[in-house]
Structure formats: structure tokens, C-alpha cells
Amino acid sequence: MSERLPGFRDFYPEPLPTPDAWSCDLRQHLFARWRETARRYGFREYDGPPLEPLELYTNKSGAEIVAQLFNFTDKGNREVSLRPEMTPTVARMIATSERAYKKPVKWFSIPQLFRYEKQQKGRLREHFQLNCDIFGEADVSADAEIIALLIDVLRGLGLTSADFVIRLSSRQAWQRFFAARGGDAAKAYEFYQVVDKIERERPEVSAEKLAPLGVKLEDVRAFIDSSVPEPELQSVLDNLAARGLADFVKVDYGVIRGLAYYTGVVFEAFDRKGEFRAIAGGGRYDQLVEQVSQGSVKLPALGFGMGDVVLAELIKSRGLVPSFAGRFAAVVVIEDETLRAESLRLVQTLREAGHAVEYALTPTKGDKQFKRALELGALNTVRLERGADGALTARVRNLATRADTVVAPEAVAGLF
Ligand code: HAM
């Protein structure tokens, strides 16, 4: 049997064939919560192409993502890549059409993204990512708004401040730190990348990389340990505190983000127990629209991306996955085959009335049909019966209470 590629997933409807299979029902649940929360914050949905010109990423996203591109030459000799992230695409869409929209523009999308990463816990070669971005607002109140949205997306799934925390940091703060030590502005991104890896890297290696940049590891450590909010972070904290969301955030200069385009406040969401990789990450990127449009459109921007992989693992581990059974209003049981035509008519009427209804396609024993109704988690069974006078009635059984109601067939739809 041919196998699927490593790092890619099959999504099955529940009940799942194996405990480690990916659930399409859970995926839809995440997407529904994502859409619902984005709507409450006034975000509109957009989408772009899954395949883009390679150059959209090679000079904008940063070395790490470029090394992970799924790129190839197409049949028209174009250098192309599957999208590893949504931000360059949305920056291009905004740069081309921003005049048609009132500012600030608030947009969201749920793209499937592709990165040729080493497959590991929480990291695959494709994932879905909620992207929420705001364009055209330079004030830090927009940073607070996007972080409040991130918090509410996670709360919308049942997670609390005991489950996750947003680690807040600032590229500007790090830029000031670097400049104060005589750092060369052209090497700032090189410096950020060392800081980005500091938690995972051996201290000798980080110190060695910092030396030519004129920075001491102890100084970097001391700045991270200080956790004193710089002014832009203090305003974000005050804004979130005013909303009652202070418990969900903390200043952590250990976060700096790997991507090249960030320019201001940056943040990552983590589970409190530290069991998983980042749930989400984002920040301000005030120069990307200008870069993507070769200088023709200048628009401040900020946003975040939240992947479905870590999130699904987290909500499973916290017992927050709802039951996906019970979707059928009724199973129409056909015990008497002479009533099949009338039963089909009833099935059709109920479906046209908007109810999910199932029935046996071929003659099947009554008890088997009943068992199937229970397996499907149907709320009711409906059985047509012909009385001695030839009149049809429908016996509706509520499967939770086992109580029967007998009504005229036309009245069944009104009971659900
Ligand atoms: P990112 O940090 O590369 O940011 O990805 C955001 C989130 O996507 C991660 O925290 C993680 O949950 C998920 N993710 C990333 N790579 C993988 C993977 N290989 N497998 C599973 N999940 C993954 C960005 O992509 C930015 N473009 C986000 C952004 C939007 N910044 C501003 N606007």
C-alpha cells in the first residue's frame, strides 16, 4: 500500500480508527472557534494562493524559514514555493489593494502551510494556522488589541490563565540594547538570531557568536532576567489590565522571534507547564508592506499566527475536546418494507426541513437499525406504522428518555 509522506496528515471523521489518528471533527471545531472569535473582534476573512513565487520568501522571511521551503521549478520555468507562512502573502495583498479598505484593516485567514522541517512533537511538514493581522495602525493600542484577540481565541477553546501565558517582548528594546553597546545596525538581525536561540543553545556557543557583535552573554542574560517592562510593553500591559486580561501575559525578553521582518512588540503563547512548543507567535512588522511593494506603499502592520498542531495536542491533554457524536436528529427505522416509499418521503421531508437524518439503504432487521441509531448517537428514532384503518402514524422515540410520541407523519419535523 502506498504510504503518505512523512510530516503530512490524514484527517478522519470520528470515531477515529486509531487513538493517534488526526480528527477532522476536531479540526473543524478549532476552525469554528477561530472564526467565531475573529468575528467578535471585527476581523474579515481572506485567502491567497498556496503556491507563490520563491522570491516572496527568500529576502523577507529570514534564514530559518528559507531553509525549510518546499520549493521547485514549475513547468513554465518559474521558481515557486508552497507557502511556509501567510504574512508575505497578506502584505502583498494589502500593498496592492489597501486603497479599497478603511484603516485599520483587520483581516484573518486559516491557510494550510508547508515547511520542510524535521518531523518532531508539535512540528510537521504541513499545518493549518490562524493568521490575524492589523494594517494601518502604528499605535501600540493595536498591539494590545491583537494580543487580547490571541488570548480570547485560546479562552474560546476552554483554556484559562492556568493553562497558557503570552510571553511579551520587544524588538525595539533589543535594538536599543544592541545600539547602546555600539552594535552595527546592519548586524541587528544576526544579533536577534543569537538571542532567539539562547534558551536552546549551549552557553559557550552563544558567547562565541556574540563576541564579534560586541555583546557579552552576561549582559544579555541580565537584560532577560530584569524583565522590566520597557515603555511600549508597559502600555500593552496597562491596556490588557484594563480589559481584565493581566493574568494572561508576562514580560519575557527571552522571546525575540526568529523571522526577519519584526520591528516592534513581539510575543509568543506557551502552555504554562512547558510541555509543548509555542502555541502561537507574532508581533509588529512595520516595514514589510513597504518592502513587498518596493517602497510604493508604507503601512504599519502587526499580527500573529497560531498553529493547529500544538493547539490540538494541548486541548486534548486538558480534556477540552467536546463530544462530536449526536449530530443526527433522527434515524428513520423501516421495519415494514411495504412502508419504504412512505419512509423515504418522510426522510426527504425531514432533510428538507434542515434536520440530519439517516436510514437503512437496504432491508435490514429492526433491531440492527435501532442499534445503528444508538451507535450514531441519534437523538430519536422515527418509525411509520399503518393502523387497522389504513392511516399512517409516526412513532417518535426519544433515545435519551426512551419516551414514545405518536403523531401524524407531517408533524414529525416540528418535534425536532
Ligand atoms: P511562526 O512562529 O513561524 O510565525 O508560526 C506560528 C505558529 O505556527 C507556531 O507558534 C506554531 O504553533 C505553528 N507552526 C509553525 N511551524 C509549524 C510546523 N512545522 N508544524 C506545526 N505547527 C507549526 C509565523 O508563521 C508568522 N508568519 C506569524 C505572524 C502572522 N506574524 C505576524 N503575522
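Residues numbered from 1 in each chain as written. Predicted model: local features only at pLDDT ≥ 70, side-chain atom pairs only at ≥ 80, totals over all residues. Heavy atoms only, no water.

### A look at the overall build of the chain
Alright, step 1. Scanning the chain from terminus to terminus reveals 14 helices and 19 strands.
Alright, step 2. For the chain, whose C-alpha radius of gyration is 27 Å, the value lies well above the compact-globule estimate of 22 Å for 416 residues.
Alright, step 3. Looking at the chain as a whole, 50% of its 416 residues are labelled buried.
Alright, step 4. Across the chain, every contact between residues at least 6 apart in sequence was considered, and the portion connecting residues at least 24 apart equals 68%.
Alright, step 5. Counting every atom, the chain has about 20400 Å² of accessible surface; 51% of that belongs to carbon and sulfur.
Alright, step 6. Charge-centre separation for the chain: the mean point of 57 positive side chains lies 1 Å from the mean point of 58 negative side chains. (Helix = DSSP H or I, 4+ residues; strand = E, 2+ residues; numbered from the N terminus. Rg over C-alpha atoms; globule rule 2.2 N^0.38 Å. Buried < 20%, exposed > 50% of the residue type's maximum accessible area, 1.4 Å probe, protein only. Contact = heavy atoms within 4.5 Å. Areas by Shrake-Rupley, 256 points an atom, 1.4 Å probe, with all protein chains shown as cover. Lys, Arg positive; Asp, Glu negative; His and termini not counted. Charge placed at Lys NZ, Arg CZ, Asp CG, Glu CD.)

### Here we look at helix H13 (residues 340–352)
Alright, step 1. If you check H13, its first and last C-alpha atoms are 18 Å apart, about what 13 residues at 1.5 Å a residue would give, namely 18 Å.
Alright, step 2. Where H13 is buried, its residues touch strand E15 (330–333), strand E16 (357–359) and strand E17 (380–386). (Expected span 1.5 Å × (residues − 1).)

### Focus on the pairing of strand E13 (residues 280–284)
Alright, step 1. Of all five residues making up E13, five are buried, and the element is well covered by its neighbours.
Alright, step 2. Alignment of strand E12 (residues 265–271) against E13, held across four bridges, turns out to be antiparallel. Residue pairing for E13: Val266 is matched across the bridge by Gly283.
Alright, step 3. In the sheet, E13 pairs with strand E14 (residues 301–307) via five bridges, with the strands oriented antiparallel. Paired with Gly281 across the bridge in E14 is Gly305. (Pairing = 2+ DSSP bridges.)

### Here's the deal with the nonpolar core
Side chains of nonpolar character tend, in soluble globular proteins, to be buried together.
Alright, step 1. Grouped together as the largest cluster of nonpolar side chains are 74 residues, with contacts concentrated most on Ile147, Trp174, Phe191, Val220, Met306 and Leu311.
Alright, step 2. With 10 residues, the single largest contributor to this core is helix H5 (residues 140–155).
Alright, step 3. Filtering out sequence-adjacent residues up to four positions away, Phe191 remains in contact with Trp174, Phe177, Phe178, Leu210, Leu213, Val215 and Val220. (Core = buried A, V, L, I, M, F, W, Y, C linked by side-chain atoms within 4.5 Å.)

### Some words on the site of the ligand
Alright, step 1. Around the ligand, the surrounding shell holds 26 residues, and the nearest of these are Glu85, Thr87, Glu117, Asp133 and Tyr262.
Alright, step 2. A distance of 2.5 Å separates a nitrogen atom of the ligand from a polar side-chain atom of Glu117.
Alright, step 3. The cavity that encloses the ligand is the largest pocket.
Alright, step 4. Elements represented by at least two residues in the shell around the ligand include exactly strand E9 (126–135), E13 and E14.
Alright, step 5. In the shell around the ligand, the residues fall into 10 nonpolar, 10 polar and six charged. (Near = heavy atom within 4 Å. Polar contact = N/O pair within 3.5 Å; in protein donor to acceptor, adjacent residues only side chain to side chain. 1 Å grid on protein atoms, 1.4 Å probe; cavity = no way out; pocket = protein on both sides within 12 Å on 5 of 7 lines; lining within 4 Å. Sits in = over half its atoms within 2 Å of the grid points. Nonpolar A, V, L, I, M, F, W, Y, C, P; charged D, E, K, R; others polar.)

### A few points about empty space enclosed by the protein
Alright, step 1. Counted according to the given criterion, the structure contains one cavity of 30 Å³ or more.
Alright, step 2. Taken as a whole, the largest cavity holds about 40 Å³ of empty space.
Alright, step 3. Around the largest cavity, the lining residues are Arg9, Phe11, Trp22, Ser23, Leu26, Arg27, Leu30, Asp308 and Ala312.
Alright, step 4. The set of elements that each furnish at least two residues to the lining of the largest cavity consists of strand E2 (22–23), helix H1 (24–40) and helix H12 (308–317).
Alright, step 5. It is H1 that contributes the most residues to the lining of the largest cavity, three residues altogether.
Alright, step 6. In terms of residue class, the lining of the largest cavity is built from five nonpolar, one polar and three charged. (Points joined across faces, edges and corners; volume = space filled by probe spheres on them.)

### Quick look at the side chain of Arg115
Alright, step 1. Here Arg115 shows up in the loop between strand E8 (112–114) and E9.
Alright, step 2. In this structure Arg115 is buried but unpaired, with Glu117 as the nearest side chain of opposite charge at 4.5 Å.
Alright, step 3. Not counting the four nearest positions on each side in its chain, Arg115 is found in contact with Ile65, Gln68, Phe70, Pro84, Glu85, Leu124, Arg125, His127 and Gln129. (Salt bridge = Lys/Arg side-chain N within 4 Å of Asp/Glu carboxyl O.)

### Examining the domain arrangement of the chain
Alright, step 1. Domain annotation of the chain identifies domain 1 (11–48 + 86–317) and domain 2 (330–415).
Alright, step 2. For domain 1 versus domain 2, the separation of C-alpha centres amounts to 51 Å. (Domains from an automatic or database assignment.)

### As for the packing of aromatic side chains
Alright, step 1. Considering all chains together, one arrives at 21 aromatic pairs under this definition.
Alright, step 2. Centroid distance Phe223 to Tyr253: 4.4 Å. Interplanar angle 25 degrees. Geometry classified as stacked. On the criterion of sequence distance, the pair formed by Phe223 in helix H9 (residues 217–226) and Tyr253 in the loop between strand E11 (249–251) and E12 is long-range, its members being 30 residues apart.
Alright, step 3. Given the relative accessible area of 13%, Phe223 is considered buried.
Alright, step 4. Three or more aromatic residues joined by ring pairs form one cluster here, namely Trp174, Phe177, Phe178, Phe191, Tyr192, Phe223 and Tyr253.
Alright, step 5. Across from the ring centre of Phe270, 4.4 Å away, lies the NZ or CZ of Arg167, which sits over that ring. (Phe/Tyr/Trp six-rings, centres within 6.5 Å; stacked < 30°, edge-to-face > 60°. Lys NZ or Arg CZ within 6 Å of the ring centre and 35° of its normal.)

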